[in-house]
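If you want the building blocks of each chain, they are given just below.
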Amino acid sequence: MSYAYDDTNIFARILRGEIPNKTVLETDHTLAFHDIRPQAPVHVLVIPKGKYVNFDHFSAEASDEEIADFARTAAEVCRRTGVRPGAGGQGYRTISNAGTHGVQEVPHYHMHILGGRVLGRMLPKIET
Ligand code: 5GP
């Protein structure tokens, strides 16, 4: 399986420093920054610095070091933003949209971390 990465996507431009971002945390392999259109009091995007389109691309081709760094950075964002349950926070949700059915807007792998309010059901109930 080959994945086509579009270098003009907005997160690639953020990583190149062409567009500003409100950084929460940065490591050698990962950047976390506030979403420009927050859908909750805490809405942070965590992205790898490598050129990966979505979660399955990242899982298939990123190094163990990149994957571990991504996971630990995301967890550290939960800690720093105060949403970590059991540590004073009230919890959070992580979301990663992929492709057409996932309604992915930006074709660079990212994880949303949402919290700071009760987020409601994961998906609206559909009558069958
Ligand atoms: P997706 O639908 O691809 O999972 O989510 C993309 C997210 O990127 C959206 O929540 C959107 O608000 C956010 N976003 C799009 N453009 C920018 C930008 O230029 N800066 C930041 N910080 N977030 C952006």
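A brief structural summary. (Residues numbered from 1 in each chain as written. Predicted model: local features only at pLDDT ≥ 70, side-chain atom pairs only at ≥ 80, totals over all residues. Heavy atoms only, no water.)

1. Some points on the overall build of the protein
Thinking step 1. Scanning the protein from terminus to terminus reveals three helices and five strands.
Thinking step 2. Element order for the protein, N to C, with α for helix and β for strand: α-β-β-β-α-α-β-β.
Thinking step 3. Over its C-alpha atoms the protein spans a radius of gyration of 15 Å, differing by no more than 12% from the 14 Å that the globule rule assigns to 128 residues.
Thinking step 4. The principal-axis extent of the C-alpha atoms belonging to the protein is close to 40 × 35 × 30 Å.
Thinking step 5. By residue count, 37% of the 128 residues in the protein fall in the buried class.
Thinking step 6. Contacts in the protein between residues far apart in sequence, at least 24 positions, make up 54% of those at least 6 positions apart.
Thinking step 7. With the model as given, the accessible surface of the protein reaches about 8200 Å², and the carbon-plus-sulfur share is 53%.
Thinking step 8. Counting 14 positive and 15 negative side-chain charges, the protein places the centres of these two groups 10 Å from one another. (Helix = DSSP H or I, 4+ residues; strand = E, 2+ residues; numbered from the N terminus. Rg over C-alpha atoms; globule rule 2.2 N^0.38 Å. Buried < 20%, exposed > 50% of the residue type's maximum accessible area, 1.4 Å probe, protein only. Contact = heavy atoms within 4.5 Å. Areas by Shrake-Rupley, 256 points an atom, 1.4 Å probe, with all protein chains shown as cover. Lys, Arg positive; Asp, Glu negative; His and termini not counted. Charge placed at Lys NZ, Arg CZ, Asp CG, Glu CD.)

2. Structural notes on the environment of Asp6
Thinking step 1. Of note, Asp6 is situated in the segment before helix 1 (10-15).
Thinking step 2. On the basis of relative accessible area, Asp6 is assigned to the partly exposed category, the value being 36%.
Thinking step 3. In sequence terms Asp6 and Gly116 are 110 residues apart; their C-alpha atoms lie 33 Å from each other.
Thinking step 4. Polar side-chain contacts of Asp6 include one of 2.6 Å to the side chain of Thr8. (Polar contact = N/O pair within 3.5 Å; in protein donor to acceptor, adjacent residues only side chain to side chain.)

3. Structural notes on the sheet that holds strand 5 (residues 111-115)
Thinking step 1. The five strands lie next to each other as 1-2-3-5-4, forming an open sheet whose pairing is antiparallel. Since the sheet does not close on itself, it has two edges, and those belong to strand 1 (23-26) and strand 4 (92-95), each with one partner. The sheet shows a mean angle of 20° between the axes of neighbouring strands, taken without regard to direction.
Thinking step 2. Across five bridges, strand 2 (residues 30-34) lies against strand 3 (residues 42-48) in antiparallel orientation. Paired with His34 across the strands is Val44, a residue of strand 3. (Pairing = 2+ DSSP bridges. Axes fitted to C-alpha atoms, helices over the stretch in contact; angles between N-to-C directions.)

4. Some details on the site of the ligand
Thinking step 1. Neighbouring the ligand are 16 residues; Asp35, Asn97, Glu105, His110 and His112 lie closest to it.
Thinking step 2. Contact distances for the ligand include 2.8 Å between an oxygen atom and a side-chain N or O atom of His112.
Thinking step 3. Computed on the free molecule, the ligand has an accessible area of 530 Å², of which 90% lies beneath the protein chains in the complex.
Thinking step 4. Put simply, the ligand lies in the largest pocket.
Thinking step 5. Among the secondary structure elements, those contributing two or more residues to the shell around the ligand are helix 1 and strand 2. (Near = heavy atom within 4 Å. 1 Å grid on protein atoms, 1.4 Å probe; cavity = no way out; pocket = protein on both sides within 12 Å on 5 of 7 lines; lining within 4 Å. Sits in = over half its atoms within 2 Å of the grid points.)

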